[in-house]
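# Structure at a glance
As a plain string of letters, each chain reads:
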Amino acid sequence: MPDNRVVVYKGPGEVAVESIDYPKLELPTDVVDGLGIQRKAPHAAILKIVTTNICGSDQHMVRGRTTAPVGQSLGHEITGEIVEVGDDVLFAKVGDICSVPFNIACGRCRMCNEGKTGVCLNVNPARPGAAYGYVDMGGWIGGQAEYVMVPFADFNLLRFPDRDQALEKILDLTMLSDIFPTGYHGAVTAGVTTGSTVYVAGAGPVGLAAAHAAQLLGAAAVVVGDMIPERLAQARSFGCETVDLSGDGTLAEQLEQLLGEPEVDAAVDAVGFEARGHGRDAGEAPATVLNSVMEVTRVGGALGIPGLYVTGDPGAADDKAKEGTFGVRIGLGWAKSHSFTTGQCPVKKYNRQLMQAILSDRAQIAKAVNATTISLDDAPRGYQEFDGGVARKFVIDPHGSVAA
């Protein structure tokens, strides 16, 4: 078998493309030893990667803001063509092009049966939930690679119904593995519906996906906040209003100028634990976004929180933040009767419906997030530019599958 080239973390600020063994129909050692299950995985499939994306969650590891070890493989946003299936795979077929949810799920445990695939109980001995190429997520090999093994293939894989149509729309469909369902989850759990006014904190790819999702859900006005002009311009390119949080005006004041009142019906935190305070000279302040969205969300409203928060951050400013403890004004949220939804998006809850929206031209997520194709060898450059705040969603094309 050929080698498998994969992107790996080499230390803070550095990634590289290295060769590892071609994948086998076997489970990772961490899962086998930790859960006491067999190594052979006849329920699995091997995919030749068509597209795989760089995610903001990957950047947290690459910045050294997690406990990821050097050598950690990367990549959990995967779309690929099946090239091999195990004997127990009944419905997924060689040649199918499929989206792979970033949540690895067994389809058999209590959580999977309840639709909570982000916290599957049988794929990670350390804690509920697993993902490809991510720290503390079960030791699964990452998908920023040429090939990847997908366990429980019949349950996990979302097959595209028409190969030619899928390849034509691949830059939209590649977003189904994580970013589009995650943004949509943020909007849905914030209670966005017809006529809502919505504030989205963060104009990175997840924030832009949440903003586009809010539009699909019928929001009357979607306002996106960020500090990087290029990202704010990208939000405006598909009809969002924007607020520049690097200036002197408060968020409430800027919302009042745009909406006629200093509050919104629903808010989404698409920033997470590396948040910075508002204003020109503000430094990192992990609770800033959570506190500000509580301030501007109306009484009885909801907060969707797809932005990542971690329990281990060696680069945090203080000891409390290193363990994920922040100065969140929970009393304010309680007084305003807010509801909060956190955690990994259960991708399978949304990906089929969002696929249909893409295939029927109802959603243009690639345009919203400014999808930009690069080669596998260009992945280090993509990470560097993404970390610099460029308003692009980098899509890695390992085999030259994407038409120019």
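Every chain is numbered on its own, with residues counted from 1 as its sequence reads. With pLDDT at 70 or above as the cut-off, local features in this predicted model cover only qualifying residues; side-chain atom pairs require 80 or more to be listed or tallied, and sums for whole chains, interfaces and linings still use all residues. Hydrogens are left out, water is left out, and the side-chain values use all remaining heavy atoms of the structure.

### A look at the packing of aromatic side chains
Basically, it comes down to this: Here the aromatic set is Phe, Tyr and Trp, taking the six-membered ring for Trp, and pairing holds for ring centres within 6.5 Å; pairs whose planes are under 30 degrees apart are stacked, those over 60 apart are edge-to-face, and all others are tilted. Counting from the N terminus, the helices are the DSSP runs of H or I reaching at least four residues and the strands are the DSSP runs of E reaching at least two. Residue exposure (1.4 Å probe, protein chains only): buried if accessible area is under 20% of the type maximum, exposed if over 50%, otherwise partly exposed.
A complete count under the given rule lists 3 aromatic pairs for this structure. Relative to Y350, the ring of Y184 lies with its centre 5.4 Å away and its plane at 65 degrees, an arrangement referred to as edge-to-face. Residue Y184 is located in helix α7 (residues 179–189), and its partner Y350 is located in the loop between β13 (339–341) and α14 (351–359); the two are separated by 166 residues in the primary sequence. There is no split in this pair, since Y184 and Y350 are both buried.

### A closer look at unusual backbone geometry
Although it is not a glycine, S337 adopts a positive phi angle of roughly 55 degrees. Here S337 is to be found in the loop between α13 (330–335) and β13. For D361, which is not glycine, the phi torsion reads 65 degrees and is therefore positive. Mapped onto the elements, D361 comes out in the loop between α14 and α15 (365–369). When its relative accessible area of 49% is taken as the criterion, D361 is described as partly exposed.

### A closer look at the nonpolar core
As a reminder of what qualifies: Residues belong to one nonpolar core when they are buried, are Ala, Val, Leu, Ile, Met, Phe, Trp, Tyr or Cys, and are joined through side-chain atoms within 4.5 Å. Whether two residues are in contact is decided by their heavy atoms: any pair within 4.5 Å suffices.
With 69 residues, the main nonpolar core has L176, V192 and V200 as its most contacted residues. With 7 residues, helix α8 (residues 205–216) is the single largest residue contributor to this core. With residues up to four places along the chain from it excluded, the contact list for V192 reads A187, V198, A214, L217, A219 and A266. The next biggest cluster of nonpolar side chains, apart from the first, holds 35 residues, and it includes C98, C109, V148 and F152.

### Remarks on a nonpolar patch on the surface
Put simply, the rule is: Patch membership requires over 30% relative accessible area and the absence of a salt bridge. Like charges are linked within 9 Å, and nonpolar side chains (Val, Leu, Ile, Met, Phe, Trp, Tyr) within 5 Å. All accessibility values rest on the Shrake-Rupley procedure with a 1.4 Å probe; residue burial counts only the protein chains present in the view. What counts as a salt bridge is simple: a side-chain nitrogen of Lys or Arg found within 4 Å of a carboxyl oxygen of Asp or Glu.
Residues V328, I330 and F340 make up a contiguous nonpolar surface patch of roughly 240 Å² in combined accessible area. Relative accessible area serves as the criterion here: at 54%, I330 is assigned to the exposed category.

### Looking at the pairing of strand β11 (residues 264–269)
Just so we agree on the cut-off: Strand pairing requires that DSSP identify at least two bridges connecting the strands.
Among the 6 residues of β11, 5 are classified as buried, and the element is accordingly described as predominantly covered. As paired elements, β11 and strand β12 (residues 297–304) share 4 bridges and run parallel to each other. The partner of V268 across the bridge, within β12, is G304.

### As for the environment of Y22
Structurally, the position occupied by Y22 is in the loop between β2 (14–20) and α1 (29–35). Under the relative-accessibility criterion, Y22 is labelled buried at 13%. Considered as a pair, Y22 and M149 are 127 residues apart in the sequence and their alpha carbons are 9.3 Å apart.

### Re the side chain of D397
For clarity, the cut-off: The positive count covers Lys and Arg only, the negative count covers Asp and Glu only, and His and the chain ends enter neither.
Secondary-structure assignment places D397 in the segment after β15 (393–396). Buried and unpaired, D397 has K48 as its nearest opposite-charge partner, separated by 9.2 Å. Among residues more than four places away in sequence, those in contact with D397 are V50, T373, I374, S375, L376 and V402.

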